[in-house]
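Listed below are the residues making up each chain.
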Amino acid sequence: MPTSKRSLPNLPLILVVLSWGFNFISLKILYHEMNPPTVALLRFSVMWLLLAPLCTFRGLSLRYHKDDAVRILVAGFLAMGVYMVLFLEGMNRTSPAEGAIILATSPVITYLFASALKQEVFSLPALLASFTAFVGVAIVIIAGASHGNGNLTGNLILLVSAVVWAFCVVFMKPLLKSYEATQLLTLSMPGAVVVLIPYSLSSLLHTNFGKVSGMGWLMFAQVSVLSGVVGFSCFYLGVKQVGASRATLYQYFVPPTAVFFAWLVMGKTLAPFQFLGLVVLLIGVIATTNVRLAAAKLSEVS
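Keep in mind that what you see is a predicted model, and the values were worked out from it rather than measured.

### Description of helix α10 (residues 193–205)
And then number 1: In α10, a bend of some 40° at Tyr199 exceeds every other bend along the element.
And then number 2: Within the span of α10, buried status applies to Val195, Leu196, Ser200, Ser203 and Leu204.
And then number 3: Elements that come into contact with the buried residues of α10 comprise α3 (36–57) and α4 (69–91).

Structural data, given as structure tokens:
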């Protein structure tokens, strides 16, 4: 029985898993040649310069609908500004594997925000599953600190970044009824300027880009173009092709992929108890997601 038609729709999501999983390793390599503030503003600029023409090419308007501008810019301030600073600073202090595992809590935290704001129905099983996920993260952080794998401060910064990102997802959800995802991302980006300019400009101006190696630029291209623009576009293409529920399942593979790449490229591995934490986290995240999807389908039927 031919399989090409069945497998082709999944290729964009496979690329997402690989690019997002390797993104954590790329950053650690890139940090040997560029510091986090420089990466933040340079990455932001490249993404904006690529996303704006992409929207125009796809016929997506870059005009704000009436009364939406403030909300969209606040979303950009948080998602592309505050979150990005926290993410880059956290990754500068911890290991790629631990970073990927901690950020995998975002779907769980998103559910907690969504249920608190009445966007989703509260469920005790989902709450218990969420607690399970956080137990997994606690195991990873505590075991990492005891084995010297990661930095406690960096891990906590990343956990805060996951909270900020989850809030942004809930905050932006109503806007997705009126805007396509790539269009909304592009329109939100000016809101991040008020964060990134004070954080990054001085560092960017004092960076000697002539000393950045070919490998450094390759890693920057991965972080900004492949993981940023291409990864984001492929994810939403995958959502369009296979549906949001199946596309979400692919994200479960990002932490294990990051763990594998960290071992393959950098020789970094998790402590034994951290592997246990990863398993507990994934069980919690998958269970929370399944309960959310079941509740969503039930509400659609009723």
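### Topic: the environment of Ser19
And then number 1: Counting through the fold element by element, Ser19 comes out in helix α2 (residues 11–30).
And then number 2: Distance from Ser19 to Val223, taken between C-alpha atoms, is 8.4 Å for residues 204 residues apart in sequence.
And then number 3: The contact partners of Ser19, leaving out residues within four places of it in the chain, are Gln222, Leu226, Ser227 and Gly231.

### Digging into the packing of helix α5 (residues 96–103) against helix α13 (residues 254–266)
And then number 1: The N-to-C vectors of α5 and α13 enclose an angle of 175°; their axes lie 8 Å apart at closest approach. Overall, the two elements α5 and α13 adopt an arrangement that is roughly antiparallel. Taken together, the residues of α13 that come into contact with α5 (itself represented by Pro96, Ala97, Ala100 and Ile101) are Pro255, Ala258, Val259, Ala262 and Met266.
And then number 2: Grouping the amino acids of the contact of α5 with α13 by side-chain chemistry returns nine nonpolar, no polar and no charged.

### Some points on the packing of aromatic side chains
Working definition: an aromatic ring pair is given by the centre-to-centre distance plus the angle between the planes.
And then number 1: Here the structure, examined in full by the defined rule, presents eleven aromatic pairs.
And then number 2: Arranged with centres 5.1 Å apart and planes meeting at 45°, the rings of Tyr83 and Trp165 form a pair that is tilted. Of this pair, Tyr83 sits in helix α4 while Trp165 is found in helix α8 (residues 152–172), placing the two residues 82 residues apart along the sequence.
And then number 3: A relative accessible area of 33% means that Trp165 is categorised as partly exposed.
And then number 4: Look at Phe260 and Phe261: their rings are 5.8 Å apart centre to centre, the planes differ by 50°, and that puts the pair in the tilted class.
And then number 5: The exposure class of Phe261 is buried, given its relative accessible area of 15%.
And then number 6: Taken together, Phe22, Phe260, Phe261 and Trp263 form an aromatic cluster joined through their ring pairs.

### Quick look at unusual backbone geometry
Trans peptide bonds make up the majority, and among non-glycine residues the majority have a negative phi.
And then number 1: Backbone geometry at Asp67 places phi at a positive 70°, although glycine is not the residue there.
And then number 2: We classify Asp67 as exposed; its relative accessible area is 70%.
And then number 3: Of note, Lys118 is a non-glycine position whose phi angle comes to about 65°, a positive value.
And then number 4: In this structure, Lys118 sits in the loop between α6 (106–116) and α7 (124–147).
And then number 5: Take Lys118: its relative accessible area is 73%, and that puts it in the exposed class.

### Overview of the environment of Gly59
And then number 1: Among the secondary structure elements, Gly59 is positioned in the loop between α3 and α4.
And then number 2: Each C-alpha atom, one on Gly59 and one on Gln183, is 9.8 Å from the other, the two residues being 124 residues apart in sequence.

### Here's the deal with the nonpolar core
And then number 1: Counting residues in each nonpolar core, the largest one holds 64 residues, and the members touching the most others are Phe24, Leu27, Phe87 and Leu88.
And then number 2: Considering every element that reaches this core, the biggest residue donor is α4, with nine residues.
And then number 3: For Leu88, the contacting residues outside a window of four places in its chain are Leu27, Tyr31, Pro36, Val39 and Ala40.
And then number 4: In this structure, Phe171, Leu175, Tyr179 and Leu184 belong to the second largest nonpolar core, which totals eight residues.

Conventions and cut-offs
- Each chain carries its own residue numbering, running from 1 in the direction its sequence is written.
- For this predicted model, a pLDDT threshold of at least 70 governs which residues receive local features, and a threshold of 80 or more governs which side-chain atom pairs are given and counted, while totals over whole chains, interfaces and linings are taken from all residues.
- Where side-chain values are given, they derive from all heavy atoms of the structure, hydrogens and water being excluded.
- Two axes enter the definition of the bend at a residue: one is fitted to the seven residues ending there, the other to the seven starting there, and the bend is the angle between them.
- Strands here mean DSSP runs of E at least two residues long; helices mean DSSP runs of H or I at least four residues long; both are numbered from the N terminus.
- Note on classification: 1.4 Å probe, protein chains only; a residue is buried when its accessible area is under 20% of the maximum for its type, exposed when over 50%, partly exposed between these limits.
- Any two residues having at least one pair of non-hydrogen atoms within 4.5 Å are treated as being in contact.
- Angles run from 0 to 180 degrees between N-to-C directions of axes, and those axes are lines fitted to C-alpha atoms, restricted for helices to the stretch in contact.
- Put simply, angles under 35 degrees are roughly parallel, angles over 145 are roughly antiparallel, angles from 65 to 115 are roughly perpendicular, and the rest are oblique.
- We call Asp, Glu, Lys and Arg charged. Ala, Val, Leu, Ile, Met, Phe, Trp, Tyr, Cys and Pro are nonpolar, and the rest, Gly among them, are polar.
- Between the rings of Phe, Tyr and Trp (Trp by its six-membered ring), a pair exists once the centres lie within 6.5 Å; its type follows the angle of the planes, with under 30 degrees stacked, over 60 edge-to-face, and the other angles tilted.
- Buried Ala, Val, Leu, Ile, Met, Phe, Trp, Tyr and Cys residues form a nonpolar core when they are joined through side-chain atoms within 4.5 Å.

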